[in-house]
Amino acid sequence: MSSAQSRPFDAIVIGAGAAGMMCAGVAGQRGRRVLLIEHHPAIGEKIRISGGGRCNFTNINAGPANYLSQNPDFCRSALARYTPRDFVALVERHGIAWHEKKLGQLFCDDSSLGIIGMLKAECARGGVTWWHPCAVERVAREGDAFTVDTSRGRARARSLVVATGGLTVPKIGATPFGYRIAEQFGLQVVAPRPALVPLAFPPDLLSRYGDLSGVSVDAAVSCNGGRFRENLLFTHRGLSGPAILQVSSYWDGRTPLSIDLLPGVDVRAWWATGTSRARLDHLLATRLPRRFAQAWCEAHDALRSLPEIGAAARDALARALADWRVMPSGTLGYAKAEVTLGGVDTRGLSSQTMAARDVPGLFFVGEVVDVTGWLGGYNFQWAWASAHAAARAL
Ligand SMILES: Cc1cc2nc3c(=O)[nH]c(=O)nc-3n(C[C@H](O)[C@H](O)[C@H](O)COP(=O)(O)OP(=O)(O)OC[C@H]3O[C@@H](n4cnc5c(N)ncnc54)[C@H](O)[C@@H]3O)c2cc1C
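From a predicted model like this one, the values you see are computed outputs, not experimental measurements.

> Any chance you could explain the sheet that holds strand β6 (residues 105–108) here in plain terms?
The strands that make up a sheet are held in pairs by hydrogen bonds between backbone atoms, and each pair lies either parallel or antiparallel. An order of β3-β6-β5 is seen for the three strands of this open sheet, with the pairing classed as antiparallel. In this open sheet, the two edge strands, each paired with only one partner strand, are β3 (56–59) and β5 (98–100). Neighbour to neighbour, the strand axes of the sheet diverge by 25 degrees on average, direction disregarded. By the bridge criterion, three bridges tie β3 to β6 in an arrangement that is antiparallel. Following the sheet pairing, Thr58 is matched in β6 by Leu106.

> Is there a simple way to explain helix α12 (residues 290–299) in this structure?
Because the α-helix completes a turn every 3.6 residues, residues three or four places apart line up on one side. Restricting attention to buried positions, one finds in α12 the residues Phe292, Ala293, Ala295, Trp296 and Cys297. For α12, the secondary structure elements touched by its buried residues are α8 (203–209), β13 (216–223), β14 (226–234), α11 (280–284), α14 (311–322) and β17 (324–326). Just beyond α12, the residue with positive phi is Asp301, at close to 50 degrees.

> Can you help me understand the environment of Glu100 in this one?
Within the element layout of this structure, Glu100 appears in strand β5. On the basis of relative accessibility, which here comes to 44%, the residue Glu100 falls in the partly exposed class. Each C-alpha atom of the pair Glu100 and Val13 lies 32 Å from the other, and the pair is 87 residues apart in sequence. Contacts of Glu100, omitting those with residues within four sequence positions, involve Ile60, Gln105 and Leu106. Looking at Glu100, its side chain comes within polar contact range of the main-chain nitrogen of Gly104, at 3.0 Å.

Conventions used here
- Residues numbered from 1 in each chain as written.
- Predicted model: local features only at pLDDT ≥ 70, side-chain atom pairs only at ≥ 80, totals over all residues.
- Heavy atoms only, no water.
- Pairing = 2+ DSSP bridges.
- Helix = DSSP H or I, 4+ residues; strand = E, 2+ residues; numbered from the N terminus.
- Axes fitted to C-alpha atoms, helices over the stretch in contact; angles between N-to-C directions.
- Buried < 20%, exposed > 50% of the residue type's maximum accessible area, 1.4 Å probe, protein only.
- Contact = heavy atoms within 4.5 Å.
- Polar contact = N/O pair within 3.5 Å; in protein donor to acceptor, adjacent residues only side chain to side chain.

Bear in mind that shape data such as this cannot, by itself, settle questions of function.
This is the structure:
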């Protein structure tokens, strides 16, 4: 390890995921001598499994409104200076074919491996040195530089970039390492929790709706200021699907979800005459999945025709269809979550460079920071943009 020990670096990047590889490649191409350290045997695992294997690598509409953070403005500068179009230009320079799926979500035509290959090639172009697989044992600040003790020996550089991501999917390399480094250097960490995650039903709802696993409803789901009109999917544990994953990031464990089961439908006008002899679940089955309509009506004591139900109860049912209150019992946790909400508190960081305000040379990029995107390519765009901001300052 002696050659490694004596090797001078300008920057050490810990974590070779989306943000770490982007940061290392860009800094290397700016002439910085960069060491990139990754502990997991496989590189870019989250990129590989993302977007169902096709990596939803950005969203052309990405803007500050699509991110959650204690400081919603923090992401503004980095997102403005490295845009989805910049990333698309990079993808195209590497000849990776892509398409828009829906709602501005851009995916690889072929495989997410193309994005990993591209990032590795960018690192090679920047002359980045890899230590991989390599465990980081200790980080310290000595004088105006950082020393990093690893399973491959000691490295030293005046800048240290922490790109170790969040806590989701621990089996492919996630660790709380970045939060520990932040705390070691006196930065605050906003308590992390799983986000973009399926939600579990409590036993009573599970016994009513658990059999509907696989049934989906086009719904508008709201909670604590987040509102998403997309598919809601019943699972054998509770609820999932894009609308639920999105709203899970807003769910605080205390507030019930409000689900509009017939968004855009004026239910009262539809039922105005109230003369249909059909049972309500049969009527609802013209707009909702039949088995769900039946289970929902059973739960609301409404397996009857509108005239039998009566005007007052009809009104209450119309309200309940537009505002079905569901209180999940919890989330399915980090093993099933796409991202981690919370992370390194942005109050301690520069939004221009991602540098720690009070620790010269220390940077945090990507998901380890308290900036969490919606579902749909926003999280990768934050990884690219925050990494780019730091790389320009190294
Ligand atoms: C199943 C799934 C699908 C997803 N799909 C999408 C999608 O399609 N679009 C989208 O925008 N986002 C998606 N995401 C979210 C996206 O993958 C992350 O937000 C993004 O990868 C974050 O980038 P990052 O570089 O900050 O962290 P990561 O990509 O998680 O990289 C962190 C790296 O640090 C390494 N590391 C951790 N601890 C240490 C340590 N102590 N020492 C050395 N290395 C360490 C890890 O092994 C990892 O390689 C998905 C996430 C999951 C789980």
